[in-house]
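Secondary and tertiary structure notes
Listed here are the chains, written in short residue letters.
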Amino acid sequence: MSIFDNVAFDRHERVAFCNDPVTGLKAIVAIHSSARGPAAGGCRFWRYDSEDAAITDALRLAQGMSYKNAMAGLDLGGGKAVIMAPDSGELDEPMLEAFGAFVNTLGGAYITAEDVGMSVGKMEVVARRTSYVTGLPPKQGVAGGDPSPKTADGVFAGIRAAVRYKLGRDSLDGLRVAVQGVGSVGWHLCQLLFDAGAKLIVADINAERVALAREQLGAEVVALDSILESDVDVLSPCALGAILNAQSIPRLRAGIIAGAANNQLATDADGKRLFEAGVLYCPDFVINAGGIINVACEYAGDVSDAVVNEKVRAIGDRLIQIFELSDAQKRPTHIIANEQARRLIGRDDG
C-alpha cells in the first residue's frame with residue numbers, strides 16, 4: 001500500500017526509512033508538520049505485525065505530536081520515530097547508535113526522545129551519534145531526564161480539572177480510578193492518585209507491575225479485557241491506542257476518560273459516541289503533553305524544573321476551556337481540540 005493511500009496520511013511533510021544491514025535496525029521517522037519549528041516527538045520500540053502497521057503508527061503518532069506541541073504552546077512541529085523490534089526482541093547498542101546516525105542525517109528536522117520501549121540510558125547511546133536528542137540525564141534543577149513523570153503530572157492535572165468540571169469536586173479522595181497500563185507513566189500516575197486518596201483499579205500485561213501496585217498502593221487488580229468496563233468515576237488509558245471504539249464504548253461505566261495513551265480513539269466517530277453517551281473525554285494530545293513540555297524545555301537549555309512544572313499544571317486550565325466550548329457548542333471535545341490544533345499549525349482547511 002502506498003503511504004499516500006494510508007488512512008493515517010495527513011499531508012505529512014516527510015517520511016524517512018532506515019534499513020541498516022549491519023545492525024539490523026529498521027526504523028521510520030514521520031514528520032507531520034514543521035510549521036511551528038523542528039519536528040519533535042519520541043521514538044517507540046515495538047514489535048509490529050507488519051511494515052504497514054509500523055508506518056501507520058508512525059503517521060498517526062506524528063500527527064498527534066503536531067497537535068500536542070501546538071496546543072501546549074511550544075515552538076515545535078510534530079514528528080515521531082518507530083523502531084521495529086527484530087526477531088530477537090533486543091535493541092542493542094549498535095542498533096541504538098545506528099538510530100542516532102539516522103536521526104543525524106535529517107539535520108535537525110526531527111528531534112527524538114523516549115517513548116514506549118525506550119529509556120534515558122538508551123537515549124544516552126543514541127546521543128553518541130546525534131545532538132538532536134532529548135530525555136538525557138538532567139542537571140540539578142534544570143529540565144531534563146525521563147519525561148514520563150512529567151507526562152503523569154499533566155494527566156493528573158487533567159484528571160483534577162475533569163473531576164472539578166463534571167463532578168464539582170476539588171478533591172479526588174475516595175474517587176475510583178481505573179488505570180489501564182502501569183508502565184513508566186501509568187505507575188507515576190498511580191502514585192499521584194494514591195497520594196490524593198483515590199481508589200485504584202489497575203491492569204497491565206506485566207504481572208509484576210500490577211502486583212507492586214496492589215502491594216504498595218492498595219490497588220484492585222483486574223483482567224486486561226475487563227478494565228474498560230470497570231465501575232469507576234475515571235478511566236485512565238495509559239497503554240497503547242485505539243482502545244475506545246464501537247465495541248468498547250457501549251461497555252464503559254466511567255463518566256470521565258482521562259489518560260496518557262496516544263490515539264485513544266479508534267476513529268473520529270468514537271469521539272462522537274463518547275459525547276452522545278455523556279462521557280467527558282479529555283483529548284489525549286492535550287492531557288498527555290507534560291512529557292513533551294519537559295523535552296522542549298530541556299532542548300531549549302537552562303530552563304528550571306519549576307518553570308516546567310508551571311507549564312504542565314496549565315494543562316488543566318487548557319482542558320477546562322475545551323470542556324466549556326464543547327458544552328456551549330454541543331460538540332465533542334476531540335473535535336474542538338482538533339480544530340484548535342489545526343488552526344495553530346495552519347491546517348484549518350481540512
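Here the structure is shown first, and the text comes after it.
Residues numbered from 1 in each chain as written. Predicted model: local features only at pLDDT ≥ 70, side-chain atom pairs only at ≥ 80, totals over all residues. Heavy atoms only, no water.

Structural notes on the environment of Gly 144
Our working definition: Strands are runs of DSSP state E lasting at least 2 residues, helices are runs of H or I lasting at least 4, and numbering of each runs from the N terminus.
Tracing the sequence through the fold places Gly 144 in the loop between helix 3 (120–126) and helix 4 (148–167). In this structure, the C-alpha to C-alpha distance between Gly 144 and Gly 291, residues 147 residues apart in sequence, is 9.8 Å.

Regarding the packing of aromatic side chains
Selection rule: Pairing of aromatic rings covers Phe, Tyr and Trp, the last counted by its six-membered ring, and requires centre-to-centre distances within 6.5 Å; plane angles under 30 degrees mean stacked, over 60 mean edge-to-face, and any other angle means tilted. Relative accessibility decides the category of a residue: with a 1.4 Å probe and only protein chains considered, values under 20% of the type maximum give buried, values over 50% give exposed, and everything between is partly exposed.
By the definition in use, this model includes four aromatic pairs. Ring centres of Phe 4 and Phe 9 lie 5.3 Å apart, and the angle between their planes is 80 degrees; this geometry places the pair in the edge-to-face category. Among the residues examined, Phe 9 registers a relative accessible area of 22% and is labelled partly exposed. Between Tyr 165 and Phe 323 the ring centres are 5.3 Å apart and the planes differ by 45 degrees, which places this aromatic pair in the tilted class. Of this pair, Tyr 165 sits in helix 4 while Phe 323 is found in helix 10 (residues 305–329), placing the two residues 158 residues apart along the sequence. The class for Tyr 165 is partly exposed, based on a relative accessible area of 29%.

Section: the pairing of strand 7 (residues 176–180)
Formally: Pairing between two strands requires that DSSP report at least two bridges joining them. With strands facing away from the observer, any crossover in which the path from the first strand over the helix to the second runs clockwise is taken as right-handed.
Most of strand 7 sits out of view: four of its five residues are buried. Across five bridges, strand 7 lies against strand 8 (residues 199–203) in parallel orientation. Its bridge partner being in strand 8, Arg 176 is matched across the sheet by Lys 199. Viewed along the sheet, the connection from strand 7 through helix 5 (residues 184–195) into strand 8 turns out right-handed.

Some words on the pattern of salt bridges
Rules: Each reported salt bridge corresponds to a side-chain nitrogen of Lys or Arg within 4 Å of a carboxyl oxygen of Asp or Glu.
In total, this model carries 13 salt bridges according to the counting rule given. Ionic pairing is found between Arg 44 and Asp 57, a salt bridge with its closest N-O pair at 3.5 Å. With a gap of 13 residues between them, Arg 44 in strand 4 (residues 43–46) and Asp 57 in helix 1 (residues 51–71) connect regions that are remote in the sequence. Among the residues examined, Arg 44 registers a relative accessible area of 7% and is labelled buried. Residue Arg 331 is joined to Glu 339 by a salt bridge in which the shortest nitrogen-to-oxygen separation is 2.8 Å. The class of Arg 331 is partly exposed, set by a relative accessible area of 27%. A relative accessible area of 31% places Glu 339 in the partly exposed class. Each of the salt bridges in this network shares a partner with another, and the network as a whole consists of Arg 44, Asp 57, Lys 80 and Asp 115.

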